[in-house]
Amino acid sequence: MISVIIPFYNESENLATLIKHLIKVNNELNREYEIILVNDGSTDNSKVKIQKSKLQVKSQNFKIIDHKKRLGKGLALKTGIENSIGENIVFMDADLQDDPRDLPKFIEKIDQSYDFINGIRIKRQDNLLVKLYSNLASYFLKTFLHSPYTDINCGFKAFKREVLSDFVFYGNSFRFFPLAVYYNGYRVTEIEVRNNPRHFGKTKFGKGKIFTGILDTLTAYFLYKFSERPLHFFGSIGGVIFLIGFLVSLYLTIERLFFGILLVTRPLLWLGIFLIIIGIQIVMTGIIGELIVFLDKKSNHK
Ligand code: UDP
Ligand code: MG
């Protein structure tokens, strides 16, 4: 059975068409399926629209789950998962940018016993800045974290339910879900998918996505590379800052001792002191991080 999970927030113009296309594709596929629509606290008439188009189909294939308020795409996906029963799961957007006609290609890969299939958007419809950032992020993750994905931010994906067993969905963690699955040793692959322009409604992320995206990429980098050894991360940053501060102060000390230049005349002194303190603070953060990891391992050991 296939569970298609679709989070939506204010997509009233898109839902009816989407449902129609999905049903058509699914009927052609001739598999058992369910469509799970997660209403992420929409404030337009999205819900009414679904109710109407739903009447035309068998209701056992449908679930609509409501969030009382907007919780974000990540938590909407989580809600969808919790309410699904299929052994195969598909994530797609509600705005018709992901094309239901690509669904059979995903299923084909699942049948070839891949565990996780991520989309690659050809002719991606996003503004230039977002595309540039997204390509950079994928490149960064490929180079530093051995990511196997060309388009990690593509929301259109399919996977077996078992890959969820050791992944925690929280806040924005869905962004590095594909990476986590790969690190856990599952068989992953990619397929090219269409990306249609958005005809109705507005994008929910906008340019802010770039900034939060950078933070997400850093989180992924940190979590997967350093979560077992935080001191390596904080220690090297803090260490460098401390060292610069130390050299600055040393320089001023030599000036004072051997050349008689008074420290009151050297505002650089402040920078030296500042860097030393900040450097120590950051190293300390790393030590506290190590302590947390250590205590966690110790308590799991008992
Ligand atoms: N979405 C959601 N909750 C949010 C933001 C977005 O459920 O808080 C849904 C949205 O309705 C759409 C999908 O997530 O179905 C992707 O959003 P969008 O198309 O705005 O993102 P973009 O394609 O512009 O990156
Ligand atoms: Mg979209």
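- As named in an unreviewed UniProt entry, the protein chain is Glycosyltransferase.

**Things to note about the nonpolar core**
- Grouped together as the largest cluster of nonpolar side chains are 31 residues, with contacts concentrated most on Val4, Ile6, Leu22, Ile35, Leu37, Leu103 and Phe156.
- The set of elements that each furnish at least two residues to this core consists of β1 (2-8), α1 (12-29), β2 (33-39), α4 (103-111) and β7 (188-193).
- The element best represented in this core is α1, accounting for seven residues.
- With sequence-adjacent residues up to four places away left out, Phe156 is seen in contact with Val90, Phe91, Met92, Asp98, Asp99, Asp102, Leu103, Phe106, Asn118, Gly119 and Val193.
- In terms of nonpolar packing, the next biggest core, distinct from the first, is built from 30 residues, Val38, Ile81, Leu164 and Phe174 among them.

**Details of the pattern of salt bridges**
- Enumeration over the complete set of coordinates arrives at 18 salt bridges.
- Its salt-bridge partner being Arg124, residue Asp151 comes within 4.0 Å of it at the nearest N-O pair. Remark: Arg124 occurs in the loop between β5 (116-121) and α5 (128-145) and Asp151 occurs in the loop between α5 and β6 (157-160); sequence separation between them is 27 residues.
- Of the charged contacts, one joins Glu255 and Arg266 as a salt bridge, the two residues approaching to 2.9 Å between their closest N and O atoms. Pair noted here: Glu255 is in helix α8 (residues 230-259) and Arg266 is in the loop between α8 and α9 (268-301), with a separation of 11 residues, a long-range link.

**What to know about the UniProt feature "transmembrane region" (unreviewed entry) in the protein chain**
- If you check UniProt for "transmembrane region" (unreviewed entry), the listed places come out as residues 231-254 and 269-295 in our numbering.
- Counting secondary structure, residues 231-254 comes out at 100% helix and 0% strand; the distance between its end C-alpha atoms is 32 Å.
- Helix makes up 100% of residues 269-295 and strand 0%, whereas the separation of the span's terminal C-alpha atoms amounts to 39 Å.

**Quick look at the side chain of Glu11**
- Tracing the backbone through its elements, the reader meets Glu11 in the loop between β1 and α1.
- Classification of Glu11 by relative accessible area gives buried; the value is 5%.
- In this structure, Glu11 is in contact with Asp44, Ser46, Ala94, Asp95, Arg198 and Lys204, ignoring residues within four places of it in sequence.

**Digging into the site of ligand 1**
- In the vicinity of ligand 1, 17 residues are found, and the nearest of them are Glu11, Asp40, Asp95, Thr203 and Lys204.
- Note that an oxygen atom of ligand 1 is positioned 2.9 Å from one of the backbone N or O atoms of Pro7.
- Here an oxygen atom of ligand 1 sits 2.6 Å away from a polar atom, N or O, in the side chain of Glu11.
- Contact with the protein chains covers 94% of the free accessible surface of ligand 1, which is 530 Å².
- Considered class by class, the residues forming the shell around ligand 1 number five nonpolar, three polar and nine charged.

**A short note on the side chain of Asp95**
- Mapped onto the elements, Asp95 comes out in the loop between β4 (88-91) and α4.
- Relative accessible area serves as the criterion here: at 4%, Asp95 is assigned to the buried category.
- Only 3.3 Å separates the side chain of Asp95 from the side chain of Arg198, close enough to count as a polar contact.
- Setting aside its immediate chain neighbours within four residues, Asp95 contacts Glu11, Asn14 and Arg198.

**What to know about the sheet that holds β2**
- Strand order in the open sheet formed by seven strands is β3-β2-β1-β4-β6-β5-β7, and the pairing between neighbours is mixed. Strands at the two margins of the open sheet, each flanked by one partner only, are β3 (62-66) and β7. Averaged over all pairs of adjacent strands, the angle between their axes in this sheet comes to 20°, without regard to strand direction.
- Inspection of the sheet shows β5 paired to β6 by three bridges, in the antiparallel sense. Among the inter-strand pairings, Phe116 is bridged to a residue of β6, identified as Phe159.

**Describing the packing of aromatic side chains**
- Per the counting criterion, the structure on display carries 24 aromatic pairs.
- Between Phe176 and Tyr224 the ring centres are 6.0 Å apart and the planes differ by 80°, which places this aromatic pair in the edge-to-face class. You can see Phe176 sitting in the loop between β6 and α6 (177-183) and its partner Tyr224 sitting in helix α7 (residues 208-226), a full 48 residues away along the chain.
- What makes Tyr224 partly exposed here is its relative accessible area of 32%.
- On the numbers, 6.0 Å between centres and 50° between planes, the contact of Tyr182 with Tyr183 is tilted.
- Exposure remark for Tyr182: the relative accessible area of 32% places this residue in the partly exposed category.
- According to the relative accessible area criterion, Tyr183 is partly exposed, its value standing at 32%.

About the cut-offs
Residues numbered from 1 in each chain as written. Chains lettered and ligands numbered in written order. Predicted model: local features only at pLDDT ≥ 70, side-chain atom pairs only at ≥ 80, totals over all residues. Heavy atoms only, no water. Core = buried A, V, L, I, M, F, W, Y, C linked by side-chain atoms within 4.5 Å. Buried < 20%, exposed > 50% of the residue type's maximum accessible area, 1.4 Å probe, protein only. Helix = DSSP H or I, 4+ residues; strand = E, 2+ residues; numbered from the N terminus. Contact = heavy atoms within 4.5 Å. Salt bridge = Lys/Arg side-chain N within 4 Å of Asp/Glu carboxyl O. UniProt positions renumbered as here; feature names shortened; annotations may be inferred. Near = heavy atom within 4 Å. Polar contact = N/O pair within 3.5 Å; in protein donor to acceptor, adjacent residues only side chain to side chain. Areas by Shrake-Rupley, 256 points an atom, 1.4 Å probe, with all protein chains shown as cover. Nonpolar A, V, L, I, M, F, W, Y, C, P; charged D, E, K, R; others polar. Pairing = 2+ DSSP bridges. Axes fitted to C-alpha atoms, helices over the stretch in contact; angles between N-to-C directions. Phe/Tyr/Trp six-rings, centres within 6.5 Å; stacked < 30°, edge-to-face > 60°.

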